[in-house]
Amino acid sequence: MSNFRYAALKTDKRSNALPLEMFRKISASENVKNLCEQARAAFQAGDSEKYVNIKGQLPMAFWCGYNKAGVREAASLTPTQFYIIDVDHCKMEAIAIYEDLCLKICGEGYNLDTLKQKFHEIGIYLVHETPSGGLRMVCRAIEDFDRIQQHQEWLNEKLQLSQYGDFDGVVKDLSRGSFMVKAEWILYVSEDMFAMDET
């Protein structure tokens, strides 16, 4: 089992286990769907205060670090094998970036099996749109680096993510969360990530 965690709200002091079944349930919930759509509408309208307020009501996943007792302080966390990469202020729609990345990584005429194999080879396990219309990837560490930032820079260089928008490598803290999104915004997920034994 993976050691991923989540909190129902960003302000919650403690986290809970995030197995695949819970990930699916949260992503499929009407509340998450409505909040995502409201947050996107506020962002597109330029109402940053409303956007931040609505986005802050979404559940938050913790992909990078865990504490099985649910404590969220960075000093108490153990690293998972995963890190996060964001592309913000995208020059095209997130789904178009994703499709371009699929072609770049797999070549023409790929199928789902090829996609999964090629994604796994470079550590990509989850790709989704963000409430602001950006692209987020949750990736497994492939190279033997010491810091999250090194993994982020490695994948950015490999895929030239900066060409699609603002490459965001600020997620370096193990306690940093990721707002969960509705199922329709999940462009790719390898469910294998939830079955990995990281103990």
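Quick summary incoming for the structure in this document. Nothing here was measured: the structure is a model prediction, and the numbers come from that model.

1. A short note on the packing of aromatic side chains
Here is step 1: One pass over the full model with this rule turns up 10 aromatic pairs.
Here is step 2: Ring plane angle 70° and centroid distance 6.2 Å describe the contact between Trp63 and Phe194, whose orientation is recorded as edge-to-face. Taken as a pair, Trp63 in the loop between strand E3 (60-62) and strand E4 (65-66) and Phe194 in the segment after strand E11 (186-189) lie far apart in primary sequence, 131 residues in all. When sorted by exposure, Trp63 lands in the same class as Phe194, which is buried.
Here is step 3: Centre to centre, the rings of Tyr98 and Phe119 are 6.4 Å apart; their planes meet at 80°, and the pair counts as edge-to-face. Note that Tyr98 is positioned in helix H4 (residues 94-106) and Phe119 in helix H5 (residues 112-122), a separation of 21 residues in sequence. Each of the two residues, Tyr98 as well as Phe119, counts as buried.
Here is step 4: Site record: aromatic cluster; members linked through ring pairs are Phe4, Phe23, Trp63, Phe82, Tyr125 and Phe194.

2. Some details on the pairing of strand E6 (residues 82-88)
Here is step 1: Among the 7 residues of E6, 7 are classified as buried, and the element is accordingly described as predominantly covered.
Here is step 2: In E6, alternate side chains face the same way, and those of Phe82, Ile84, Asp86 and Asp88 on one face and Tyr83, Ile85 and Val87 on the other are all buried.
Here is step 3: Pairing between E6 and strand E8 (residues 135-140): 6 bridges, direction antiparallel. In the strand pairing of E8, Val87 is matched with Leu135.
Here is step 4: The pairing of E6 with strand E9 (residues 166-168) spans 3 bridges and is antiparallel. Residue pairing in the sheet places Asp86 in a bridge with Asp168 of E9.

3. What to know about the pattern of salt bridges
Here is step 1: What the rule picks out here adds up to 5 salt bridges.
Here is step 2: Across the pair Arg40 and Glu129 runs a salt bridge whose closest N-O atoms are separated by 3.0 Å. Within this pair, whereas Arg40 is found in helix H2 (residues 30-44), its partner Glu129 is found in strand E7 (residues 124-129), the two being separated by 89 residues in sequence. Taken as a pair, Arg40 and Glu129 share a single burial class, namely buried.
Here is step 3: Here Asp86 makes a salt bridge to Arg136, at a shortest N to O gap of 2.6 Å. One end of the pair, Asp86, is in strand E6; the other, Arg136, is in strand E8, and 50 residues separate them in sequence. Assigned by exposure class, Asp86 and Arg136 land together as buried.

4. Section: the layout of surface pockets
Here is step 1: Size it by volume and the largest pocket reaches roughly 570 Å³.
Here is step 2: Lining the largest pocket we find 29 residues, and of these Tyr51, Lys55, Asp88, Thr130 and Ser132 sit closest to its centre.
Here is step 3: Listed by contribution, the elements that provide at least two residues to the lining of the largest pocket are helix H3 (48-55), E3, E6, H4 and strand E10 (178-179).
Here is step 4: A breakdown of the residues in the lining of the largest pocket according to their chemical character gives 11 nonpolar, 8 polar and 10 charged.
Here is step 5: Reported here for the second largest pocket is a volume of approximately 170 Å³.
Here is step 6: Lining the second largest pocket are 13 residues, and of these Pro79, Thr80, Asp146, Ile148 and His151 sit closest to its centre.
Here is step 7: Those elements giving two or more residues to the lining of the second largest pocket turn out to be E6 and helix H6 (148-159).
Here is step 8: Of the residues in the lining of the second largest pocket, the class split is 8 nonpolar, 3 polar and 2 charged.

Rules behind the numbers
Residues numbered from 1 in each chain as written. Predicted model: local features only at pLDDT ≥ 70, side-chain atom pairs only at ≥ 80, totals over all residues. Heavy atoms only, no water. Phe/Tyr/Trp six-rings, centres within 6.5 Å; stacked < 30°, edge-to-face > 60°. Helix = DSSP H or I, 4+ residues; strand = E, 2+ residues; numbered from the N terminus. Buried < 20%, exposed > 50% of the residue type's maximum accessible area, 1.4 Å probe, protein only. Pairing = 2+ DSSP bridges. Salt bridge = Lys/Arg side-chain N within 4 Å of Asp/Glu carboxyl O. 1 Å grid on protein atoms, 1.4 Å probe; cavity = no way out; pocket = protein on both sides within 12 Å on 5 of 7 lines; lining within 4 Å. Points joined across faces, edges and corners; volume = space filled by probe spheres on them. Nonpolar A, V, L, I, M, F, W, Y, C, P; charged D, E, K, R; others polar.

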